[in-house]
Amino acid sequence: MTDPAINAPSGTLDLLRPSWTLKLRFFLSENVLFVAGVAVFLAVVFAAIFAPWISPYDPSKINFAHKLWAPGAEHLMGTDALGRDIFSRVVHGARTSLIIGATVLTLSMAIGIPIGLVAGYFGGRLDSFLMRIADVFLAFPPLLLPIAITAMLGAGLFNAMLALAVSWFPWYARIIRSSVIGIRQELYISAAQSMGVGHIRIMLRHALPNSWTPVIVQASMDFGYTILAAASLSFIGIGAKPPTVEWGLMVALSRSKFLDYWWTAACPGLAIFLTVLAVNLIGDGVRDILDPRGRSSR
Amino acid sequence: MTRYVAQRVAMLGVILFGVMTVTFMLSRILPSSPVEVMLGHRPTPEQVEAAKKLLGLDRPLHEQFVAYLGDIATGNFGESLLTGRPVVSDIADRATATFELTTLAVLLVIFVGVPLGVLSAVNRNSVVDHATRTFSIAGVALPVFLIGMLLQMLFYGSLNWFPLQSRIDSEVLLDFPFEKHTGFYLLDTVLDGNWVALQSAALHLALPVLTLAIASLAVVTRITRNLMIEVLGQDYIRTARAYGVPERVINFRYALKATLVPMLTVIGLTYGFMLGGSVVVEFVFDWPGLGGYVVGAITKNDYPAVMGVTVFLATMYLTINLVIDLLYFAVDPRLRYK
């Protein structure tokens, strides 16, 4: 009965247990793309927060003497048709895009989660009714409904964000609903019910916290889509308006001259690409960590 | 099966009703009133009253809604405030341009994306697989308009292989006119044996189709790969292999067939995604379809046009998805007996 592990001095056991640096190193080597995504995303966040200090010029300062300069030492990414420094504008655009992504996701969750929670918790007719409403919003080709809503509310960044949220909420309603249905029969819910806890309190204190994970996964996957969609709305002229500095709008403004001055379109466009790419890589990683079952889908 | 189909069609009716409710509500909450658009600045109160009467805006809301449903049922989407023509005629003139674009893009996605996904799954962790996966991650992160403009810069600006925009050379259209039998230029020119126009139409289609397809190509490739990997791990594949069935037959006849049902779903979603994406693509390539029409209508507050196209495209999307749901029966015989 002399197990060496039991008799061994405690120091040996510690040696067998991987140190946190080793664990971290293993995690990083297994998730190279995730780490790359985080790195790029942190850079974008950094740019967004410290935009006024990073950018060498005022992003809205018109300077016809420097009109359409190619990228070079003085202007890292060149200048646009009004002589504005594109690098400074790209840096400031990071702020707009991140705010858009966060706002749209928050709004669609604010609409979708209560609906899904109620539908899943109560079930029955209320559930069918609410889910049919959600289905109606999913019956429009994506991007078309936000376009129609923005058209009706009037062009503008806030209306575009609102429109995107209204078109996107059914996904959150569906996710939280199916996850609530999964836990509705759990003992702790029945226990709370039998103790006379109110429905609203049960939903908020018991159902929501236990069905929350898939929402986080979905949100991390959707963040990039939101940025892309908002940029598209700005691009076709119904999203952000000048003087707001927004990447999609910058590409739109470059349209008349981009064939001869590639950097006016390519720099803001690639900024969108890199940000969305980083966000998507993070989303994939978050899904793998929180929901290992869904690893092969999508 | 008949019962399922009946239910499915009834469901389509319910959703369509919902779609019209949404578009109706949208067209009545707008801050920029259609009356203003019609009359311009500072109309007299009498003009406003007359215009409201003309548009039916003086009646109670529920009456307006019933009238709206009746109008749509009879194919009356109102008149475009901009062109002054019935919205239906505008849609009819432009719909084929959009469908030629989206259909070709869907075909491209199916005939390139699916084989690429299979290839990637069969040769896991090979160079092809890594390239495909990189493409499928990058493809969904590229903004559609950037793809379009980069293609324009490369293939028009630098190489001059393809035209910049529009659907056909206007000179070709003048010198080599052709009958618009179907509205699909590729078909029409072939039917007329008009090879010059065919070439021009095909060249004009190339870049917009590619632009519209890339994001979906990335998604479909990735999904095909994942589905195939799952199927290839099944017992019956191993059995087939043990019997010495050729790899090509295993991959494309045995395995790919098993992925068809989920694949159909994805292709339906892809079509819808493209109907939405075509708005941006048509804007970039100045394509004379519904997307360009909508963008023009939005900037001019032409709300009947916007709502008409929205209802039309939503109906198309729902119909396509219905057809796909019915195709499940053709593809998977097991479903027919449930």
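Residues numbered from 1 in each chain as written. Chains lettered and ligands numbered in written order. Predicted model: local features only at pLDDT ≥ 70, side-chain atom pairs only at ≥ 80, totals over all residues.

Section: the overall build of chain A
Argument step 1. Along the backbone of chain A there are 14 helices and zero strands.
Argument step 2. Secondary structure elements in chain A, listed N-terminal to C-terminal, are α-α-α-α-α-α-α-α-α-α-α-α-α-α.
Argument step 3. Computed over C-alpha atoms, the radius of gyration of chain A comes to 25 Å, more than 25% over the 19 Å expected from 2.2 N^0.38 for 298 residues, which places it beyond the range of a compact globule.
Argument step 4. C-alpha extents for chain A along the principal axes are approximately 85 × 60 × 30 Å.
Argument step 5. Out of the 298 residues in chain A, the part that is buried amounts to 45%.
Argument step 6. For chain A, the proportion of contacts with a sequence separation of at least 24, taken over those separated by at least 6, is 69%. (Helix = DSSP H or I, 4+ residues; strand = E, 2+ residues; numbered from the N terminus. Rg over C-alpha atoms; globule rule 2.2 N^0.38 Å. Buried ≥ 20, exposed ≤ 12 C-beta atoms within 10 Å, placed from the backbone. Contact = placed C-beta atoms within 7 Å.)

Some details on the domain arrangement of chain B
Residues and elements named next belong to chain B.
Argument step 1. Its domain assignment divides chain B into domain 1 (2-73) and domain 2 (97-337).
Argument step 2. Here the C-alpha centroids of domain 1 and domain 2 sit 33 Å apart.
Argument step 3. With 15 residues of domain 1 at the interface, the matching set in domain 2 holds 11 residues.
Argument step 4. For the side of domain 1 that touches domain 2, the elements supplying multiple residues, two or more each, are helix 1 (2-29) and helix 2 (34-39).
Argument step 5. Here the side of domain 1 that touches domain 2 takes 10 residues from helix 1, the largest share from any one element.
Argument step 6. Residues of the side of domain 1 that touches domain 2, tallied by class, amount to 11 nonpolar, three polar and one charged. (Domains from an automatic or database assignment. Nonpolar A, V, L, I, M, F, W, Y, C, P; charged D, E, K, R; others polar.)

Some words on the interface of chain A and chain B
Argument step 1. Chain A puts 39 residues into the contact, and the matching count from chain B is 48 residues.
Argument step 2. Its residues placed into classes, the side of chain A that touches chain B shows 28 nonpolar, eight polar and three charged.

Concerning the packing of helix 12 (residues 213-235) of chain A against helix 14 (residues 263-290) of chain A
In a packed pair of helices, the relevant descriptors are the angle between the two axes and the axis-to-axis distance.
All names here are of chain A.
Argument step 1. One way to put it is that helix 12 packs onto helix 14 with a least axis distance of 9 Å and a crossing angle of 170°. It follows that helix 12 is roughly antiparallel to helix 14 by the angle criterion. Contacts between helix 12 and helix 14 pair Thr213, Ile216, Val217, Ser220, Met221, Phe223, Gly224, Ile227, Leu228 and Ala231 from the former with Ile272, Thr275, Val276, Val279, Asn280, Ile282, Gly283, Val286, Arg287 and Leu290 from the latter.
Argument step 2. Considering only residue class, the contact of helix 12 with helix 14 consists of 13 nonpolar, six polar and one charged. (Axes fitted to C-alpha atoms, helices over the stretch in contact; angles between N-to-C directions. Parallel < 35°, antiparallel > 145°, perpendicular 65-115°, else oblique.)

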